[in-house]
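A structural walkthrough
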Amino acid sequence: MISLPALEKIPKNLRIEGAITIEIQEGTPIFRASNSVQNHIENLLTKQQNTELTPEEEQELDSYEEIDDYLSLLNRLVRNIAQNKNTIHM
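Structure report, in brief.

What counts and what doesn't
Residues numbered from 1 in each chain as written. Predicted model: local features only at pLDDT ≥ 70, side-chain atom pairs only at ≥ 80, totals over all residues. Heavy atoms only, no water. Patch = residues over 30% accessible without salt bridge, like charges linked within 9 Å, V, L, I, M, F, W, Y side chains within 5 Å. Areas by Shrake-Rupley, 256 points an atom, 1.4 Å probe, with all protein chains shown as cover. Salt bridge = Lys/Arg side-chain N within 4 Å of Asp/Glu carboxyl O. Helix = DSSP H or I, 4+ residues; strand = E, 2+ residues; numbered from the N terminus. Lys, Arg positive; Asp, Glu negative; His and termini not counted. Charge placed at Lys NZ, Arg CZ, Asp CG, Glu CD. Buried < 20%, exposed > 50% of the residue type's maximum accessible area, 1.4 Å probe, protein only. Pairing = 2+ DSSP bridges.

Side chains of Ile20, Ile22 and Ile24 sit close together on the surface and give an oily, nonpolar patch of about 290 Å² of accessible area. Relative to the helices and strands, isoleucine 20 is located in strand E1 (residues 20-25).

In structure tokens, the structure reads:
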């Protein structure tokens with residue numbers, strides 16, 4: 001059995017309404033960070049390349065990485081369930 005990783009905390013920006021989008025691909029729901037959250041992450045990464053991030057920004061970026069890992073795992077699980085359901089019915 002696969003266990004989901006424990007999250008330390010959810011970034012404040014991710015708690016806002018519309019931070020996560022759900023798209024349907026081939027009949028399967030896919031969870032993603034919204035465009036505004038993705039843009040914010042890109043801005044943090046650009047800033048990190050050009051200057052030093054504040055400790056708060058570093059923590060925020062780390063939190064987004066955890067969330068990305070969690071959403072990736074969730075999406076893989078959903079896809080696997082959908083694939084198994086389709087192969088059982090064939």
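We now examine a negative patch on the surface. Together, Asp62, Glu65, Asp68 and Asp69 make up a region of like negative charge exposed at the surface. With respect to the secondary-structure elements, aspartate 62 resides in helix H2 (residues 55-89). For aspartate 62, a relative accessible area of 37% puts it in the partly exposed group.

With that settled, the discussion passes to the pattern of salt bridges. One pass over the full model with this rule turns up two salt bridges. Measuring nitrogen to oxygen at the nearest pair gives 3.1 Å for the salt bridge that ties arginine 32 to glutamate 23. Its relative accessible area of 34% is what places glutamate 23 among the partly exposed residues. The residue lysine 47 makes a salt bridge to glutamate 57 at a minimum N-O spacing of 2.8 Å.

Our next topic: the pairing of strand E2 (residues 28-33). Looking at chain direction, E1 and E2 are connected through six bridges and run antiparallel. Within E2, the position partnered with isoleucine 20 by the bridge is alanine 33. Between E1 and E2, which follow one another and run antiparallel, lie two residues, and glutamate 26 among them has a positive phi close to 55 degrees.

The quantities given are spatial measurements derived from coordinates; they are silent on function.
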